[in-house]
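# Observations on the three-dimensional arrangement
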Amino acid sequence: MDWRHKTVAVFFLLCSLTDIRAMGQTPDVCSSCHANATCDDKSDGSGKVCNCMYGFVGNGRTFCQDKDECQIGANKICGHHTSCHNTYGSYYCTCLSGYSPSNSMSSFIPNDGTHCQDIDECQVSGLCGEGGRCMNLDGSFECHCEVGYQVHNGAQPFHPQRDKASCKVIDCGQPPSAEDMMLMSATGTRYGSVAVFDCDDGLLWRSGNNTCVCGADGAWKGPTMVCEAKCGPIPFLANSEVVWHDRSVVIHRCVDGYHSWRGSNVSICDNTGVWQKATLTCIEVVWQNRSVVIHRCVDGYHSWRGSNISICDTGIWQKATLTCMAKCGPIPFLANSEVVWQNKSVVIHCCVDGYHSWRGSNISICDNTGVWQKATLTCIEIKPAITDLVVFNEKCLWWKAEKYEDDTEVYKVIYMGSRAYQRLFHDKRKRFLNSKADRLQLCLNLLPATNYSISITAVSAKFTVTVTTNTSLKAPQAPVIYYREVETPLPTLRLLRPTDTLDQISLYQVFVLPVEAVMVFDCTSPGNSDFSSKQKSLEQYVTAQIQVRRVGREMNFTVGDGLYYGGFYNAPLQNGRDYYIILRAVSQWNGDFKSACVLWAKAKGTSYVIRISSLSAGGSVGLVTLVILGGYSYSWFSKM
């Protein structure tokens, strides 16, 4: 055989050996898969194939590289208001500032329906500062000033963490003075404060408004009242002039070249608004020898009224009508008054600053006997009609009434309540009180855990004063539940909320207590501090916390479903253990904490020993069956 034949023989021999090897051995595809790939059956059943695992892309054998899921955009893969973060072989999502995930976890993959929801920053009390009102926005918030406040160092709306603006109380300062008027009372100097004026003595309020109000621009508005003299223009007397006057008294005297002949020189405005006109008669002085006699009063007396001249006319004396009165000594003193005009027989009094006339005449007259007929004017201090207002025992008011003698005053009391934790809550009521007392006490039926503004108005004095008070938190009503005893690791329990929508419950907490560890349960205990941990201690723990706004009239809750409620992990109940389930209603307000608890259920677990015994029995039966079948098979093969 030459070398050509040998070569062909070797070739066929090698082909035969290759065919024999191929027929007896199948290539191992799975061993060639990439580390980040899995070996799967082909869809047509013809063999195996390498596929890159979830989160990787490639041919499955030589390379599987990380897939950047975030490159399509956070909104598409994570949802709105999110940020996408790629990791090796996977990714995770977080919420943008101003939003929080619906499952209360810091990061998530939205395959369970988790999404980013707006955070209501306005639930934080005092976020906008004093006088600020918070308005929640999608992903943020803004502040506006309440009525009675104006923005300072900025404009509305503003953000306290970004801007320097704040709300400042509107203060108008002291009420203005007005001509022909005197200030009677003022409720304060802040926005909405009211100052009440009255006409000066001797004037009447003819038209306009007698109040002055502190406006939103920080300035007083009003009063518009018009005060006029009670009796109109001053009376005119022929050949006389006025030497002094106020709104109710006029003193006349004869002009040069004339002398008083007879009558009074005083005009008085009486209570009916009519001038009691002076009767003074002034006649021209004519000096003739033997025809005129001038009279004067002797020492100790002074001229009171009438003419001091006797005139001879056609042979008959026109006798002087001069009346001389005994001098009355020092001018009478009236408390809290001053003298504005006087002569030898008449004194005009007026109340000093800070006081006003209450009643009585302001004229003192020296009579014929030399005794002063003292003015009866009473000057009282200008004071607010309500002073020293205080709140005690949260619901009771005490104040001092500034009124006159035994007058009866009518007080109108209006109180308005609001709650930061219940925006729809509004309590507005009013009461009336008639009293002659100068010290008053009134207790109101105020609701608990409420901010109240209480205003008291003295109706006749048109004076109002305001005070605020906060009522304390009371323990909430015990929850209405349906107690159950169950033998399941996933008991579903039912809660029924009361019909009273004004209850102050903030949230519900569900406690799990192993029966063997329970001696006494303290309803005020804070529960476990590591609330998000899945490793629960052998003692009591909080398994769920549910805000009351998420609870309708009824709620069904499954204990141990493995989900998070308010950040607390609802851990599955351990088999073989008995548990007490306790529901706690919690009220929180202004740092105060009150609670009420009820036993909701008892969950009985299946005994571990019984379960192990059952499994062992099942295993023994299976082993005996296997031995019997094995023996039968051996006998059958032997017979063959």
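## Notes on the environment of Glu-516
Tracing the backbone shows Glu-516 in the loop between strand E46 (507-514) and strand E47 (541-547). Sequence separation between Glu-516 and Glu-539 is 23 residues; the distance between their C-alpha atoms is 9.2 Å. Once residues lying within four places of it in the same chain are set aside, the contact partners of Glu-516 are Arg-577 and Asp-578.

## With respect to the nonpolar core
Residues Tyr-508, Phe-557, Ile-581 and Trp-600 are the most contacted members of the largest nonpolar core, which totals 26 residues. Mapped onto this core, the elements with two or more residues apiece are strand E45 (492-496), E46, E47, strand E48 (554-558), strand E51 (579-589) and strand E52 (592-603). In terms of nonpolar packing, the next biggest core, distinct from the first, is built from 20 residues, Leu-389, Leu-397, Tyr-411 and Val-413 among them.

## Here's the deal with the pairing of strand E42 (residues 463-470)
Here E42 shows a buried face lined by Phe-463, Val-465, Val-467 and Thr-469 and an unburied face lined by Thr-464, Thr-466, Thr-468 and Asn-470. Taken together, the eight bridges between strand E41 (residues 451-458) and E42 define a ladder with antiparallel strand orientation. Directly across from Thr-457, in E42, lies its bridge partner Thr-464. What sits between the antiparallel neighbours E41 and E42 is a turn of four residues, in which Lys-462 has the positive phi angle 55°.

## As for the sheet that holds strand E22 (residues 266-269)
Reading across from one edge, E19-E20-E22-E23 is the order of the four strands in this open sheet, with antiparallel pairing throughout. Across the chains shown, the open sheet's two edge strands, defined by having one partner strand only, are strand E19 (240-245) and strand E23 (275-276). Pairing between strand E20 (residues 249-254) and E22: three bridges, direction antiparallel. In the strand pairing of E22, Val-250 is matched with Ser-267.

## Things to note about the confidence of the model for the chain
Here the chain shows a mean pLDDT of 79. Residues at 70 or above account for 83%. Across the chain, the secondary-structure element scoring lowest on mean pLDDT is helix H3 (residues 608-639), at 37, and the one scoring highest is strand E2 (residues 48-52), at 92. In the predicted structure, residues 7-24 sits below a pLDDT of 50 and forms zero contacts with residues beyond four places in sequence or in another chain. In the predicted structure, residues 606-640 sits below a pLDDT of 50 and forms six contacts with residues beyond four places in sequence or in another chain.

## Brief notes about the pairing of E20
Counted residue by residue, E20 has five buried out of six residues, so it is predominantly covered. In this structure, E19 lies alongside E20, joined through five bridges in antiparallel fashion. From the neighbouring strand, His-245 faces E20, where its bridge partner is Val-250. The antiparallel pairing of E19 with E20 creates a hairpin that spans three residues between the two strands.

## Remarks on the sheet that holds E46
Strands sit in the order E44-E52-E51-E46-E47 across an open sheet of five strands; the sheet is mixed. Strand pairing shows two members of the sheet lacking a second neighbour, strand E44 (484-486) and E47, which therefore form its edges. The average undirected angle you get between the axes of adjacent strands in this sheet is 30°. Looking at chain direction, E51 and E52 are connected through 11 bridges and run antiparallel. Within E52, the position partnered with Val-586 by the bridge is Ser-595.

What counts, and where the lines are drawn
- Residues numbered from 1 in each chain as written.
- Predicted model: local features only at pLDDT ≥ 70, side-chain atom pairs only at ≥ 80, totals over all residues.
- Heavy atoms only, no water.
- Helix = DSSP H or I, 4+ residues; strand = E, 2+ residues; numbered from the N terminus.
- Contact = heavy atoms within 4.5 Å.
- Core = buried A, V, L, I, M, F, W, Y, C linked by side-chain atoms within 4.5 Å.
- Buried < 20%, exposed > 50% of the residue type's maximum accessible area, 1.4 Å probe, protein only.
- Pairing = 2+ DSSP bridges.
- pLDDT = per-residue confidence, 0-100.
- Axes fitted to C-alpha atoms, helices over the stretch in contact; angles between N-to-C directions.

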